[in-house]
Amino acid sequence: MSLRRFILKRFLAIIPILFGVSVITFALVHYTPGDPVQQMVGLNPDMTAAEEQAIRRRYGLHRPAHEQYFHWIANVLQGDFGQVYSSGRDVGSIVLMRLPETIALGIFGWVFALGIAIPTGIYAAVKKDQLGDTVSRFLALSGISIPNFWLGLMLILFFALILDLWPVLPPSRQPLYSPEMLWYLILPGVTVGTASAAAIMRVMRTSMAEEMNKDYVTAARAKGLPERKVVLKHVLRNSLISVVTLAALLTAGIVSGSIVVEVVFNWPGLGREFINALTQNEIDLIMAITLVTGVAIIIANLVADIMYAVLDPRIRYD
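**Overview of the nonpolar core**
Inference 1: Counting residues in each nonpolar core, the largest one holds 32 residues, and the members touching the most others are Trp72, Val95 and Leu285.
Inference 2: When residues of this core are traced back to their parent elements, those giving at least two are α1 (3–30), α2 (36–43), α3 (49–59), α4 (65–77), α5 (91–126), α12 (270–279) and α13 (283–311).
Inference 3: Looking at this core element by element, the count peaks at eight residues for α13.
Inference 4: With near-sequence residues (within four places) excluded, Leu285 lies in contact with Val84, Val91, Ile94, Val95, Glu273 and Ala277.
Inference 5: By size, the runner-up hydrophobic cluster in this structure holds 23 residues, among which are Ala124, Met212, Leu236 and Val243.

This is the structure we're talking about:
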């Protein structure tokens, strides 16, 4: 099977996966205790029963659950993600407005994670069982063990409150792609990427150490190749296959971690909007954000599969 046909096949496989994700999410949200219309009635005691029924009919909430789902999925296929019950705002517009903020945070987290993990993993493998390796492994274990929300709070406490070096609350009217916003992005980005950096570093070290004991490395050294060339040209390429696998799997962790981090740092992304939607039972908004998140995770796994073929030509997709 050619690589182009493989990519097309994987794209088609995304459709039933997204359908399954949307069904499960809708069922969980729909059968969770809480009624969005009752919440609106609670905030407006003067609302009459007729007005309450009018709201239910307006958003289709008077229909059975399966009819609500198929009505929602039919509208989504036409580009209509519904409306927020409490304000009437368009859900698609909210997602488009918040998505760049979350993407920027996720990209920064990935750049930080890979920028720290790969060189540290190489260093730890080359210095295996020496002091540098021990320190690297200790830091990696600490990074995996520390929860995101706790790390975020500690960074705020130390850099913003004690040292007064870092701003943590981004201004609402500042353009996202500006030097000022990059400054606000650093602390939440580091918080999002720390656990992933630690996990990738450990895999990188283990994979590098295993490769360095293989016969082809011994042969390369016997030919008189410099150790730097052996490590960076021969060992690193084969070791990256395991790292790519883990990096794709950790995408889910990056996305779910962003939700918590956005709340801690008041970052105006999809994660903070998702928490607000959960507290108010905004079904359409919850479904839209879940769908976008699922697409992001699936695409990350697809990119990982494509990179397999680039890093190791021996791999065939039969």
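**Structural notes on the packing of aromatic side chains**
Aromatic ring pairs are described here by two measures, namely the spacing of the ring centres and the angle between the planes.
Inference 1: Enumeration according to the criterion identifies five aromatic pairs in this entry.
Inference 2: Taking the centre distance of 5.1 Å and the plane angle of 90 degrees together, the rings of Phe158 and Phe159 count as edge-to-face.
Inference 3: Using a relative accessible area of 23% as the deciding quantity, one classes Phe159 as partly exposed.
Inference 4: Site record: aromatic cluster; members linked through ring pairs are Phe19, Phe26, Tyr69, Phe70 and Trp72.

**Side note on α5**
Inference 1: Over its 36 residues, α5 extends 51 Å from the first C-alpha to the last, a length consistent with the 52 Å expected when each residue adds 1.5 Å.
Inference 2: Along α5, the sharpest kink reaches roughly 30 degrees, centred on Arg98 and followed within four residues by the proline Pro100.
Inference 3: Looking at where α5 begins, the residue whose side-chain oxygen comes 3.3 Å from the main-chain nitrogen of Gly92 is Asp90.

**Let's talk about the pattern of salt bridges**
Inference 1: Per the counting criterion, the structure on display carries five salt bridges.
Inference 2: Arg137 is the salt-bridge partner of Asp133, the closest N and O atoms lying 3.6 Å from each other. You can see Asp133 and its partner Arg137 sitting in helix α6 (residues 131–145), four residues apart, about one turn around the helix.
Inference 3: A relative accessible area of 0% places Asp133 in the buried class.
Inference 4: The salt bridge partner of Arg221 is Glu227, with a shortest N-O separation of 2.7 Å.

**Side note on the environment of Phe149**
Inference 1: Along the chain, Phe149 falls in helix α7 (residues 148–162).
Inference 2: A residue is classified by how much of its surface remains accessible, and Phe149, at 44% relative accessible area, is partly exposed.
Inference 3: The sequence separation of Phe149 and Tyr85 amounts to 64 residues, and the corresponding C-alpha distance is 30 Å.
Inference 4: Dropping the residues within four chain positions of it, Phe149 is found in contact with Val260 and Val264.

**Focus on the environment of Trp166**
Inference 1: By the secondary structure assignment, Trp166 is in the loop between α7 and α8 (179–212).
Inference 2: In contact with Trp166, not counting residues within four places along its chain, are Phe159, Ala160, Trp183, Ile186 and Leu187.

**Let's talk about the packing of α2 against α3**
Inference 1: Following both chains from N to C, one finds α2 and α3 inclined at 145 degrees, their axes separated by 10 Å at the closest point. At the point where α2 passes α3, the crossing takes the right-handed sense. Taken together, the residues of α3 that come into contact with α2 (itself represented by Val37, Gln38, Met40 and Val41) are Glu52, Ile55 and Arg56.
Inference 2: Broken down by class, the residue content of the contact of α2 with α3 amounts to four nonpolar, one polar and two charged.

Quick notes on the rules
- Residue positions are given per chain, counted from 1 along the sequence in the order it is written.
- The predicted origin of the model limits local features to residues at a pLDDT of at least 70 and limits the giving and counting of side-chain atom pairs to 80 or more, whereas totals for whole chains, interfaces and linings rest on all residues.
- To obtain the side-chain values, all non-hydrogen atoms of the structure were included, while hydrogens and water were left out.
- Definition of nonpolar core: a set of buried residues of the types Ala, Val, Leu, Ile, Met, Phe, Trp, Tyr and Cys, connected through side-chain atoms within 4.5 Å.
- Each residue gets one of three labels from its accessible area relative to the maximum for its type: buried under 20%, exposed over 50%, partly exposed in between, using a 1.4 Å probe on protein chains only.
- Counting from the N terminus, the helices are the DSSP runs of H or I reaching at least four residues and the strands are the DSSP runs of E reaching at least two.
- What makes two residues a contact is simply this: any of their non-hydrogen atoms within 4.5 Å.
- Two aromatic rings, drawn from Phe, Tyr or Trp (for Trp, its six-membered ring), form a pair once their centres lie within 6.5 Å of each other, and the interplanar angle then sorts them: stacked below 30 degrees, edge-to-face above 60, tilted otherwise.
- Residue count minus one, scaled by 1.5 Å, sets the expected span of a helix.
- One axis fitted to the seven residues ending at a residue, another fitted to the seven starting there: the angle between these axes is the bend at that residue.
- Residues adjacent in sequence count toward polar contacts only when both atoms are side-chain atoms; beyond that, a polar contact is any pair of N or O atoms within 3.5 Å, and within protein one must be able to donate a hydrogen and the other to accept it.
- By salt bridge we mean one thing: a side-chain nitrogen of Lys or Arg within 4 Å of a carboxyl oxygen of Asp or Glu.
- Angles here are taken between N-to-C directions and fall from 0 to 180 degrees, while the axes themselves are lines fitted to C-alpha atoms, restricted in helices to the stretch in contact.
- Crossing handedness: left-handed means the near helix sits turned counterclockwise from the far one by under a right angle, and right-handed means the same turn made clockwise.
- Three residue categories are used. Nonpolar comprises Ala, Val, Leu, Ile, Met, Phe, Trp, Tyr, Cys and Pro, charged comprises Asp, Glu, Lys and Arg, and polar comprises the others, including Gly.

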